[in-house]
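Summary of structural features
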Amino acid sequence: MHNGEIVLELKGITKRFPGIVANDQISLQLRKGEIHALLGENGAGKSTLMNIVFGLYQPDEGIIELNGQPIVMDGPNKAIECGIGMVHQHFKLVPPFTVTENIILGMEPKRGFGTDLKGAASRIAELSKQYGLNVNPEAKIESISIGMQQRVEIMKTLYRGAEIIIFDEPTAVLTPQEITELLQIMKRLVDEGKSILLITHKLKEIMDVADRCTIIRRGKMIETVTVADTNQETLAEKMVGHRVQFKTDKRPANPQDSLLDIANLVVTAENGQRAVDGISLSIRAGEVVGIAGVDGNGQTELIEAITGMRPIESGTIRLEGRDVKHGSPRTASEAGISYIPQDRHKHGLVLDFDVSENAVLKSYYEERFNHKGLLDRQAIEEVAERHVEQFDIRTPGIHTPVRSMSGGNQQKLIIAREIAKEPKLLIAAQPTRGLDVGAIEFVHKQLIAERDKGKAVLLVSFELDEIINVSDRILVMFNGRFVGETTPETTSDQELGLLMAGKHQGGDRG
Amino acid sequence: MEILGFLINGTLVFATALIFAALGGLIAERSGVINLGLEGFMVSGAFSSAVTAYYAEQAGLGAAAPWLGCLAALVFTVIFSGIHVIASVRFKANQVISGIVVNMLAASSTFFMVKLLFDGAADTPVITNVFHRIHIPWLSDIPFLGKALFQTYPTTYIAFILVIIVYYVMFKTPLGLRMRAVGEHPGAADTAGVNVNRLRAWSVMVGGSIAALGGATIALTANSSFAFNTISGQGYIALAAVIFGRWHPVGAMGAALFFGFAQALKDQVQLYEFARAIPTEVFYMLPYVLTLIALIFTVGKGSSPAALGQPYEPGKR
Ligand SMILES: Nc1ncnc2c1ncn2[C@@H]1O[C@H](COP(=O)(O)OP(=O)(O)OP(=O)(O)O)[C@@H](O)[C@H]1O
Ligand SMILES: [Mg+2]
C-alpha cells in the first residue's frame, strides 16, 4: 500500500490572503490507495490547501500534478473532471431535496426531457451497497442525521467518479459511533483503490486509519511521516512546535456555596416535544459540572433556557437565589452568565463584523464603550487588543472580519469575550469542537482557571475525553433527563457510554 | 346561475395577466432572486405590445398584430430584466432596491416614449386588432360551464398551459432541479458544477419575459391601448400571488385566480342597486385589500427558497 504510485503531487504551493501567507511553499505527495492525513494547528492553512486542490482557490505559486501531468485547477468543475471529490466541513447539501436529487445535481441522468430519477436511485443504491454506505435514496436531507448527510456527501463524490477524496474535518460533527463507522467506510474506500486526503485534529483517528501524515505549521510544511513509525505525542509536538499535555493538570476542586439552582425545569423544543423533562440541578461556585450525552437529548434546550434564549415551560432557574427565568439573553448575561455557544457562527459571532466589534457584542452599550452617545472606538480597540494578546488569537489585526479567521481563532475570540466579562457562571457547549490539540489544552486550562477563581462552570460535551478530563462532577443526560451522576475518578468510558445510550444506572430501565 | 357564470368568466380573464406575471416572478424567485421588478416587466410588456400591435395594424397586418405585440413584449422586456440581472446578479446589489429601480425606470421611460411616439399623447391610440374571445367548438355549448370556461381569450388558455409547462420543467427536469438548488443552496449547486450566476441570470430574464406577457394581455384585451396606469399595481399583486401560492406554479395559479376573482367581483358588485351608494373607489380597493388579508394569513415563511435575496459569493465561508 505504501508503494502505490503517486496520483497527486503538490509542488511549492503558496497562497496569500491579505495580511497573511496561508500556504507557504507546501509540497505533498498522495499515493494511490493511501489515507494521507493533514495535521496542523487552527489556521495553519489546511483547508486553504485542500480548497486549492479542489479548485476553489487559485494558488499564487506552485504546481499541481495529477498522475504526473501538471494541471490547472480553475474551478470545482475541473477538479471533478479530474476525479477529485471533496467532503466539505460544512455540508453542501440542499435540505429540502432528497438524497438522490442531491447526488445527481449537476450530472442528472435524462429520460426524454425529464430527469431519470428511477435510474439514478437504483445506481445510487448500488454504489451504497458496494461501499457499505447504507443510505436511503428517497429520504429528504433535512430528515436524516448528520452522519447520514455526510455519507450522502461521500456518495456525491463517488457518483461523480472520484478517485481522490478530500475530507475536511469529517469527524468534528459526528457522534463517537458515527466516527467509528466513518473510519470503516474510509478504509473500505482505499481498499477499493481510492486515495484519501484527510484533515483532522484528532490524533487517535490519524493513528487508526492514516498511512502517512503531513504536518503543517503556520502555513509551512514541516514534514511527512509514516504513521506506523510514530505516536500521538510526537505528532502533537511536531504540529505545535513544543510538548503538548494531553491531560490537563488540575488541583482538586474546592466547591463553595451553590450558585446555580435549577428545579423541575421543563422546556419544549420547536417540535412541541418536551426536550427538557423536569430536570433539577445545582452547581456550586468553584466546580465544573460536565453534562455528557449524545446530541439531541435536551442539552441544547437546557442551555438555551438558562441563557434566556428559550422560554421555559415550568420550573425555576435561580442564580445566587435570584430567579432568572423568563429572561432575555441580555438579562441572563447581566445576571452574570457567560456562554460559549455550540454553534459559534449562529450564536457566537457576527461573521461580517471585525474582531474588535465582536469583542464587545455583549457590552457595547456599557458606559465604558460609549462617549456622548457614540461608540468609543479607542476603548473598544484597547479591549480587543488585550484579548488578542492574552488569548493568542492569530489574526492579521483587530479590524479583520472574523469570517476570514480559522475556526480555532474564532473560538478563542468568543472565549476571551465571555471570560473577560467576569461571569459568575460560565457555560461552555462543545467548546473545543474543531480545535487543534494545542487549542484544546488552552481552552481546558481556561475553564479550570475560571473554576479556581471561584466561578461555577457548566460544560456540555459529546466527547467523553473532554468530560472526564475537565469535570469535577459528571451528569449524563438522556431523553431530557439526567440518568446518572458520577465523578471522573470513579467512572469509565464504558459506564458513560452505557448511560448515554439510556441504560439506567442499576440497569432496571434496560 | 347566469351571474355566477359571468363571475367565473371574469375571474379567468382577470387572472390571466396575474398568472403570467406570477409564473415569471416564481421562476426568478425559485432561483434565489427577489423579483420586485414584476410591475416594471408588466409595464414594459404592455407598452411594447401595444405599440407594436398598433404599428402592425397600421401596416395592415390585421389579426397577426396582437401576436406580434406579444413577441415584442418578450423581446423588449429583456432590457429591463437585463438591468435587474446586471445590478443584482452581476454586481450583487440589493435585489429589492434593484427591482424598485426597474419599476420606476419602466414606468417613466414608457410614459416618455409614448409621448415621443404619439405627439405628446398620454396613451397609445386604441388598437382594434386585439385578442378576441374564442368560442371553443362543442365545449362552449355546454350549458353554464361553456360560457364560464370556454368562451375566453386565447391568452387565457395559454396561461393555463404555461402553468403545466412551468410545473413540469421545475419539478421534473434537470434544469428545474438546478434552478431550485441554486435558490435553496447556491454553494451546493456550485460545488456540484452548476454555474449559479448564469442560471440566475437566465431565470430572471426568462421570468421577466413571461411576466411581460402578462402586461401584454392586459393591453391587448381589456384595455386595447397602453397608458401609464394600465398595469397599476398588478405586478405587486402577482408577487403576492407568488408568496400566497408558496412559490409553487399551481399554488401561484390558485392565488392568481383568487385575486382575479376579487377583481371580477368588483365589476359584478357594481351592477347592483345597493352598490350605488358606495363610492366606486371602494370597489377598486377590493383586490388590494383582499391581497393584504391573504398575505396576513400566509405567514410562516417555511416555503420560501432558502437563499432568496442573497447574492452568491463563492469564497464566503
Ligand atoms: N477567504 C479568506 N480570506 C482571508 N483570509 C483567509 C481566507 N481563508 C483563510 N484565510 C486565512 O488563512 C489562514 C489559514 O486558514 P485555513 O482555514 O486554511 O486554516 P485551517 O488550517 O483549515 O484551520 P482550522 O483547523 O481552524 O480549520 C487563516 O489565518 C485564515 O484566517
Ligand atoms: Mg479548516
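Predicted, not measured: the structure shown is a model, and the values here were computed from it. (Residues numbered from 1 in each chain as written. Chains lettered and ligands numbered in written order. Predicted model: local features only at pLDDT ≥ 70, side-chain atom pairs only at ≥ 80, totals over all residues. Heavy atoms only, no water.)

**A short note on the interface of chain B and chain A**
Every contact between the two is made by 21 residues of chain B and, on the other side, 28 residues of chain A. A buried area of about 2000 Å², summed over both sides, lies between chain B and chain A, and 60% of it is on carbon and sulfur atoms. When the shortest N-O distance is used, the salt bridge between A:Glu108 and B:Arg178 registers 2.7 Å. Here chain B is connected to chain A by three residue pairs in polar contact (both at pLDDT 80 or more). Secondary structure elements with two or more residues in the side of chain B that touches chain A: α7 (154–172), α8 (174–184) and α9 (186–191) of chain B. When residues in the side of chain B that touches chain A are grouped by element, the largest group, six residues, is from α8(B). Among the residues forming the side of chain B that touches chain A, the class breakdown is eight nonpolar, six polar and seven charged. (Contact = heavy atoms within 4.5 Å. Buried area = accessible area lost by both parts, 1.4 Å probe. Salt bridge = Lys/Arg side-chain N within 4 Å of Asp/Glu carboxyl O. Polar contact = N/O pair within 3.5 Å; in protein donor to acceptor, adjacent residues only side chain to side chain. Helix = DSSP H or I, 4+ residues; strand = E, 2+ residues; numbered from the N terminus. Nonpolar A, V, L, I, M, F, W, Y, C, P; charged D, E, K, R; others polar.)

**Concerning the sheet that holds strand β13 (residues 258–268) of chain A**
Two strands in a sheet stick together by hydrogen bonds in their backbones, pointing the same way (parallel) or opposite ways (antiparallel). All names here are of chain A. Across the sheet, four strands lie side by side as β14-β13-β16-β17; this open sheet has antiparallel pairing. A strand with exactly one partner marks an edge of an open sheet, and here the two such strands are β14 (274–284) and β17 (322–323). Strand direction decides the pairing type here: β13 and strand β16 (residues 314–319), joined by five bridges, are antiparallel. In the sheet register, Ile262 faces β16, and the bridge partner there is Ile317. Of the strands in this sheet, β13, β14 and β16 are in contact with helix α9 (residues 299–306), which crosses β13 at around 120 degrees. (Pairing = 2+ DSSP bridges. Axes fitted to C-alpha atoms, helices over the stretch in contact; angles between N-to-C directions.)

**Things to note about the UniProt feature "transmembrane region" (unreviewed entry) in chain B**
As recorded in UniProt, the sites labelled "transmembrane region" (unreviewed entry) are residues 6–26, 33–54, 66–89, 96–118, 148–170, 201–223, 235–261 and 282–300 of chain B. Strand forms 0% of residues 235–261 of chain B and helix 85%; the C-alpha atoms that close the span are 16 Å apart. (UniProt positions renumbered as here; feature names shortened; annotations may be inferred.)

**Notes on helix α4 (residues 117–130) of chain A**
Residues and elements named next belong to chain A. Taking 1.5 Å of rise per residue, the 14 residues of α4 would be expected to cover 20 Å, and the 20 Å separating its terminal C-alpha atoms lies within 8% of that figure. Of all the positions in α4, only Ala120, Ala121, Ile124, Leu127 and Ser128 are classed as buried. Around the axis of α4, the buried residues are gathered within 125 degrees of arc, so they sit on the same side. What points out from α4, more than 90 degrees from its buried face, is the exposed set Lys118, Glu126 and Lys129. Looking at the buried positions of α4, the neighbouring elements they touch are α3 (99–104) and α5 (146–159). (Expected span 1.5 Å × (residues − 1). Buried < 20%, exposed > 50% of the residue type's maximum accessible area, 1.4 Å probe, protein only. Arc of directions from axis to C-beta.)

**A word on the sheet that holds strand β21 (residues 425–429) of chain A**
Residues and elements named next belong to chain A. Judged by pairing direction, the sheet is mixed, and its six strands sit side by side in the order β18-β21-β22-β15-β23-β24 without closing on themselves. In this open sheet, the two edge strands, each paired with only one partner strand, are β18 (337–340) and β24 (481–486). Going from strand to strand, the sheet's axes swing by 20 degrees on average, the running direction of each strand aside. Across five bridges, the pairing between strand β23 (residues 473–478) and β24 is antiparallel. Across the sheet, the residue bridging to Leu475 is Glu485, located in β24. Lying on the sheet, helix α14 (residues 407–420) is in contact with β18 and β21; it crosses β18 at an angle near 175 degrees. On the sheet, helix α17 (residues 493–500) packs against β15 (288–292), β23 and β24 and is oriented at approximately 30 degrees with respect to β23.

**Digging into the site of ligand 1**
A:Gly43, A:Lys46, A:Ser47, A:Thr48 and A:Ser404 are the nearest of the 20 residues found near ligand 1. One chain alone does not account for the residues near ligand 1; they come from chains A and B. For ligand 1, an oxygen atom lies 2.9 Å from a polar atom in the side chain of A:Asn42. Between ligand 1 and A:Thr48 there is a distance of 2.5 Å, counted from an oxygen atom to a side-chain nitrogen or oxygen. In isolation ligand 1 exposes 630 Å². Once the protein is present, 90% of that is buried. Breaking the shell around ligand 1 down by element, the ones donating at least two residues are β2 (20–31), α1 (46–53) and α14 of chain A. (Near = heavy atom within 4 Å. Areas by Shrake-Rupley, 256 points an atom, 1.4 Å probe, with all protein chains shown as cover.)

**Remarks on the pairing of β2(A)**
Residue and element names in this part refer to chain A. One ladder, built from eight bridges, connects strand β1 (residues 6–17) with β2; its direction is antiparallel. When the sheet's bridge partners are listed, Ile6 is paired in β2 with Arg31. Turn length for the β1-β2 hairpin, with the two strands adjacent in sequence and antiparallel, is two residues, and the turn residue Gly19 shows positive phi of about 85 degrees.

**Describing the packing of aromatic side chains**
When we look at a pair of aromatic rings, we describe it by the centre distance and by the angle of the planes. The full count for this structure, using the stated rule, is 15 aromatic pairs over all chains. Summarising the aromatic geometry, the rings of B:Phe47 and B:Phe226 are spaced 5.7 Å apart at their centres and angled 75 degrees between planes, so their arrangement reads as edge-to-face. On the criterion of sequence distance, the pair formed by B:Phe47 in helix α2 (residues 38–58) and B:Phe226 in the loop between α10 (196–223) and α11 (234–244) is long-range, its members being 179 residues apart. Just as B:Phe47 is buried, B:Phe226 falls in that class too. Stacked on the ring of A:Phe442, the Lys or Arg A:Lys412 has its end atom at 5.7 Å from the ring centre. (Phe/Tyr/Trp six-rings, centres within 6.5 Å; stacked < 30°, edge-to-face > 60°. Lys NZ or Arg CZ within 6 Å of the ring centre and 35° of its normal.)

**Notes on the domain arrangement of chain A**
Residue and element names in this part refer to chain A. Partitioning chain A into structural domains gives domain 1 (6–240), domain 2 (245–336 + 423–510) and domain 3 (354–422). On a C-alpha basis, the centres of domain 1 and domain 3 stand 34 Å from each other. With six residues of domain 1 at the interface, the matching set in domain 3 holds five residues. By the criterion of area lost to domain 3, the three top residues of domain 1 are Asn42, Gly43 and Arg218, representing 66% of everything that side buries. Across the contact surface, domain 1 and domain 3 share one salt bridge. We note a salt bridge from Arg394 to Glu41, for which the minimum N-O separation is 3.6 Å. Seen at the junction of domain 1 and domain 3, the total is one residue pair in polar contact (both at pLDDT 80 or more). Taken together, the residues that form the side of domain 1 that touches domain 3 break down as one nonpolar, three polar and two charged. (Domains from an automatic or database assignment.)

**A look at the side chain of A:Arg160**
Considering the arrangement of structural elements, one finds A:Arg160 in the loop between α5 and β9 (164–168). Lacking a salt bridge, the buried A:Arg160 has A:Glu108 as its closest oppositely charged neighbour, with an N-O distance of 7.0 Å. (Lys, Arg positive; Asp, Glu negative; His and termini not counted.)

**Topic: the confidence of the model for chain B**
The pLDDT averaged across chain B works out to 90; a share of 97% of its residues lies at or above 70. Scored as a complex, the prediction yields pTM 0.82 and ipTM 0.87. (pLDDT = per-residue confidence, 0-100.)

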